[in-house]
Amino acid sequence: MDRSQISTYLNNNKERFLNELLDLLRIPSVSADPKCKGDVNKTAEAVKQRLIEAGVDKVEISPTKGHPIVYGEKIIDPKKPTVIVYGHYDVQPPDPLNLWHSPPFEPVIKKTPLHPDGAIFARGACDDKGQMYMHIKAFELMMKTNTLPCNVKFMIEGEEEVGSQNLGPWIVEHKNRLKGDVILISDTSMIANNIPSIDVGLRGLTYMEVEVTGPNRDLHSGVYGGAVANPVNVLCKMIASCHDENNHITIPGFYEDVQELTKEERAELEKAPFSLEEYKKDLGILVEQGEKGYTTNERTGIRPTLDVNGIWGGYTGEGAKTVLPGKAFAKISMRLVPNQSSEKICELFQKYFESIAPKSVILKVSHHHGGEPVVVSQNSAAFKAASNALEETYGKKPIPTRGGGSIPIVALFKKELGLDSILMGFGLDTDALHSPNEHYGIFNYYKGIETIPLFYKNYTALYK
Ligand code: BES
Ligand code: MN
Ligand code: MN
């Protein structure tokens, strides 16, 4: 297989490839929203159909306690290597709806400064329907041009955005079926459309919820305020105490297991091109903020963090209400780096909150979900195969970067199946993942479809 064969097939099918993705984006597969259950199932069914049409065998929808997993495989020769493709067909909730310029599940194509060829605006366009679907189309391309060089197994789940809690047990249960050599994932970002990069790290996660109860009911803030603990005031104070003036996290033991990088490793990562000015401009902020002693990329790539994801309590409706609320709540998540353990951080967080809660309130701490951090080796055959594939299609060697996001199942692929993952993402950090107006460049979509077959070719050639 050569690049002209790939280009010919891609060029002849470009429009259909795009329209098929748009159809998939029209189904609101929001895994977090129980009202979307039917549409989540419909999306799984659509993915199954597309896999069958592309030439995958034994495609089935595997039910779980939550949303189903779509699995299929094409075994051409047991002696050949097996690539396991992982992706997710579920998406984040589209809220806040009023900030979308077009409805989240009615994809439209618009040009942007970073996507002069146009980008598809829809929830899930980049994360991860667009990136996942590139793999199905790349597979179709290899099947139809008779160039599939190895075995492929597809595992597309519907619960990534809610923590992949059922996929972990599923991979353990289906260990035999999941025999393979490497996991291939496109669910991360690259630096820019003219600066290819490969993620070599994912952060782990510990997601907590805190409930603070004061008086047994909401009170008149004039009659009782100042004499009874206000749970919102108390919660804010507890949260504020999680960082010191240098933006270090104050939870005792939090940094105990953090792997510090050597000067050389840090210098290597700092070689990645990055403009702080553009970063701030894109986000509409005047000054960045983060842990003292680290650069912006280090703060998201190699350092752990703690962020409030949501906080509520008391009166938040129209106008004003003078009330001393009975309860306050917050969702707080921590991003972890090697060698922190999600479970240990959960315990440290709980202990810390218990230790600082005043006697005037009752505290309840609960755990939502978590996942372990990952670092990808740059010395494997699979990494070289990916790096060379990107170099061929972008004309430049990709730069290894450490992304800040999490894909909790990746650590379990290693632990349970003994398999390394390759994070060959084609999105941009600025594609508004999880935000209003998420989009995915059409250039990126086609570039992915073009690059993936070269990964298969390189990997099969290097595999011995
Ligand atoms: N695709 C993202 C993760 C990602 C995005 C990694 C960009 C690197 C760069 C994934 O869908 C995601 O959003 N994961 C969640 C995990 C969670 C819900 C358990 C995350 O990172 O918040
Ligand atoms: Mn994703
Ligand atoms: Mn996501």
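Look up: the structure comes first, before these words.
1. Overview of the sheet that holds strand 5 (residues 115–121)
In any sheet, the strands associate via hydrogen bonds between backbone groups, in a parallel or an antiparallel arrangement.
No. 1: Judged by pairing direction, the sheet is antiparallel, and its three strands sit side by side in the order 4-5-21 without closing on themselves. The sheet is open, and its two borders are formed by strand 4 (108–112) and strand 21 (439–441), each paired with just one other strand. Across the sheet, the mean angle separating the axes of adjacent strands is 35° when strand polarity is ignored.

2. Side note on the side chain of Thr206
No. 1: Positionally, Thr206 belongs in strand 11 (residues 204–213).
No. 2: At 3.1 Å, the side chain of Thr206 and the backbone oxygen of Ser342 are in polar contact.
No. 3: Excluding residues within four positions of it along the chain, Thr206 makes contact with Ile332, Ser333, Met334, Leu336, Ser342, Ile345, Cys346, His367, His369 and Gly370.

3. Side note on the sheet that holds strand 16 (residues 362–371)
No. 1: One open sheet holds the four strands; their spatial order is 13-15-11-16, and the pairing between them is antiparallel. Each having just a single partner strand, strand 13 (305–313) and strand 16 make up the two edges of the open sheet. For this sheet, the mean angle separating the axes of adjacent strands, direction not counted, is 15°.
No. 2: Alignment of strand 13 against strand 15 (residues 327–336), held across eight bridges, turns out to be antiparallel. Paired with Ile311 across the two strands is Ala330, which belongs to strand 15.
No. 3: Sitting on the sheet, helix 5 (residues 231–240) is in contact with strand 11, strand 13, strand 15 and strand 16, with an inclination near 15° to strand 15.

4. Topic: the coordination of the manganese ion (ligand 3)
No. 1: Protein-derived ligands of the manganese ion (ligand 3) are Asp127 (OD), Glu161 (OE), Glu161 (OE) and His434 (NE2), with the metal-ligand distances lying across 2.1 to 2.5 Å.
No. 2: Metal-centred angles of 56 to 156° between the six donor atoms at the manganese ion (ligand 3) mark the site as irregular.
No. 3: For the manganese ion (ligand 3), the donor residues sit on a single chain with the sequence spacing D-x33-E-x272-H.
No. 4: Here the manganese ion (ligand 3) and the manganese ion (ligand 2) are spaced 3.6 Å apart, with Asp127 acting as a shared donor.

5. Focus: the environment of His101
No. 1: Positionally, His101 belongs in the loop between strand 3 (82–88) and strand 4.
No. 2: A relative accessible area of 65% means that His101 is categorised as exposed.
No. 3: Taking the C-alpha atoms as reference points, His101 and Asn437, separated by 336 residues in sequence, lie 6.7 Å from one another.
No. 4: In this structure, His101 is in contact with Lys110 and Asn437, ignoring residues within four places of it in sequence.

6. Here's the deal with the coordination of the manganese ion (ligand 2)
Working reference: metal with six octahedral donors, ideal angles 90 or 180 degrees; metal with four tetrahedral donors, ideal angle 109.5 degrees.
No. 1: Binding of the manganese ion (ligand 2) to the protein goes through His88 (NE2), Asp127 (OD), Asp187 (OD) and Asp187 (OD), at separations of 2.0 to 2.4 Å.
No. 2: Seen from the manganese ion (ligand 2), its six donor atoms lie at angles of 57 to 165°, and the figure they make is irregular.
No. 3: Within one chain, the residues donating to the manganese ion (ligand 2) are spaced in sequence as H-x38-D-x59-D.
No. 4: Overall, the relative accessible area of 0% leaves His88 in the buried class.

7. Quick look at the site of ligand 1
No. 1: Within the structure, ligand 1 sits among 17 residues, and Glu160, Asp187, Arg335, Ser406 and His434 are positioned closest to it.
No. 2: Take Glu160: an N or O atom from its side chain is 2.6 Å from an oxygen atom of ligand 1.
No. 3: Taking His434, its side chain carries an N or O atom lying 2.8 Å from an oxygen atom of ligand 1.
No. 4: Considering only residue class, the shell around ligand 1 consists of three nonpolar, eight polar and six charged.
No. 5: Looking at which domains feed residues into the shell around ligand 1, each of domain 1 (3–202 + 373–462) and domain 2 (204–258 + 304–370) supplies at least three.

8. Considerations on the pairing of strand 15
No. 1: Across the ten residues that make up strand 15, a large majority, seven, are buried.
No. 2: Inspection of the sheet shows strand 11 paired to strand 15 by ten bridges, in the antiparallel sense. Following the sheet pairing, Tyr207 is matched in strand 15 by Ser333.

9. What about the packing of helix 2 (residues 37–54) against helix 3 (residues 129–144)?
No. 1: Axis separation between helix 2 and helix 3 bottoms out at 9 Å; the angle between their running directions is 20°. Classified by the interaxial angle, the pair formed by helix 2 and helix 3 is roughly parallel. Residues Thr43, Val47, Arg50, Leu51, Glu53 and Ala54 of helix 2 pack against Lys129, Met132, Tyr133, Ile136, Phe139, Glu140, Met143 and Lys144 of helix 3.
No. 2: Of the residues that constitute the contact of helix 2 with helix 3, the class distribution is eight nonpolar, one polar and five charged.

10. Quick look at the pattern of salt bridges
Pairs can form between side chains of opposite charge whenever their charged atoms are close.
No. 1: Under the counting rule described, the total for this entry stands at 27 salt bridges.
No. 2: The partner of Lys344 in a salt bridge is Glu256, with the nearest N and O atoms 2.9 Å apart. Pair noted here: Lys344 is in helix 9 (residues 342–356) and Glu256 is in the loop between helix 5 and helix 6 (263–269), with a separation of 88 residues, a long-range link.
No. 3: Using a relative accessible area of 27% as the deciding quantity, one classes Lys344 as partly exposed.
No. 4: Several salt bridges converge on common partners, so that one network encompasses Arg16, Glu20, Lys137 and Glu140.

Rules used in this analysis
Residues numbered from 1 in each chain as written. Chains lettered and ligands numbered in written order. Predicted model: local features only at pLDDT ≥ 70, side-chain atom pairs only at ≥ 80, totals over all residues. Heavy atoms only, no water. Pairing = 2+ DSSP bridges. Helix = DSSP H or I, 4+ residues; strand = E, 2+ residues; numbered from the N terminus. Axes fitted to C-alpha atoms, helices over the stretch in contact; angles between N-to-C directions. Polar contact = N/O pair within 3.5 Å; in protein donor to acceptor, adjacent residues only side chain to side chain. Contact = heavy atoms within 4.5 Å. Donors = N, O, S within 2.8 Å, 3.2 Å for Na, K, Ca; no water. Tetrahedral: all angles 85-135°; square planar, octahedral: opposite > 155°, others 65-115°. Buried < 20%, exposed > 50% of the residue type's maximum accessible area, 1.4 Å probe, protein only. Near = heavy atom within 4 Å. Nonpolar A, V, L, I, M, F, W, Y, C, P; charged D, E, K, R; others polar. Domains from an automatic or database assignment. Parallel < 35°, antiparallel > 145°, perpendicular 65-115°, else oblique. Salt bridge = Lys/Arg side-chain N within 4 Å of Asp/Glu carboxyl O.

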